[in-house]
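A closer look at the structure
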Amino acid sequence: MAARRQRSSRDGAAPASSPQRRCIVTGELHDRARLLRFVVGPDGAVVPDVAARLPGRGLWLTPRRDIVDRAVAKRMFARAARRPVTTPPELADRIESLLAQRCCDALGLARRAGLAVAGFDQVSDAIRRGRAGLLLSAVGGAVAGRRKLAGIGPKLPSARVLTAAELGAAFGRERIVHAAVADGPLCRRLCVDLARLAGLRADSAVGQGMEFAPAGPALEDGGTEAHD
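Throughout what follows, the structure given in this document is the object of discussion. (Residues numbered from 1 in each chain as written. Predicted model: local features only at pLDDT ≥ 70, side-chain atom pairs only at ≥ 80, totals over all residues. Heavy atoms only, no water.)

Observations concerning the pattern of salt bridges
- All chains considered together, the criterion is met by 11 salt bridges.
- Residue arginine 37 pairs with aspartate 49 through a salt bridge whose shortest N-O separation is 2.6 Å. One end of the pair, arginine 37, is in strand β3 (residues 36-40); the other, aspartate 49, is in the loop between β4 (46-48) and β5 (59-61), with 12 residues separating them in the sequence.
- Exposure remark for arginine 37: the relative accessible area of 5% places this residue in the buried category.
- The partner of arginine 102 in a salt bridge is aspartate 193, with the nearest N and O atoms 2.7 Å apart. Of this pair, arginine 102 sits in helix α4 (residues 91-112) while aspartate 193 sits in helix α8 (residues 185-198), and the two are 91 residues apart along the sequence.
- In this structure aspartate 193 comes out as buried when scored by relative accessible area, which is 2%.
- A single salt-bridge network, built from bridges that share partners, covers Arg65, Asp93, Glu96, Glu166 and Arg201. (Salt bridge = Lys/Arg side-chain N within 4 Å of Asp/Glu carboxyl O. Helix = DSSP H or I, 4+ residues; strand = E, 2+ residues; numbered from the N terminus. Buried < 20%, exposed > 50% of the residue type's maximum accessible area, 1.4 Å probe, protein only.)

As structure tokens, this is what we get:
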């Protein structure tokens, strides 16, 4: 059992149920794998830790742009850290960029391992053969294509989070509208990161089939201290 847990950690996959942490803005408890972690650097600057590996006391946020912006505006990092800190006003943009790169890296790794395909025909074939664990559609892509693929695999998790250029870069192409990833540790890690990115990126959503669910607004309740 311990060996399996170690392998899962090395693969970068989120466990089925990870330890919970409390968002410093909303006060809600969530699995830490689905939150954003931050640490305060030696210079007092707030540093996003999207891989949750940096040393130091962790401060946790629900992955939504409005929550990140509120944490900055209301100086909630300083309150939770109990020390003066500096937070760049473009922090949400920085997190979005880091998460997008993390998603593209995972997708590129899946492609090189033969676990991801791109293009409508290839994705359709992967679904029919039971080799698709996640369907990816480019933000702004045509609805008709998504609807057809959802009809073939209506139970499959779907994400409309990455741009056509980002999907294309992961496959060494200029643009891609549709892609699929086989189930496994990489797929599960990608699902978690795409869900976190969706809260930072406009017009993106995750769901099942055509039932996409965009991130909603933050709660108005004040948060409480949350750390490692």
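So that's the structure; there's more coming.
Structural notes on α8
- If you check α8, its first and last C-alpha atoms are 20 Å apart, about what 14 residues at 1.5 Å a residue would give, namely 20 Å.
- Counting buried positions along α8 gives 10 out of 14 residues, so the element sits mostly inside the fold.
- All of the buried residues in α8 are Leu186, Cys187, Arg189, Leu190, Val192, Asp193, Leu194, Arg196, Leu197 and Ala198. (Expected span 1.5 Å × (residues − 1).)

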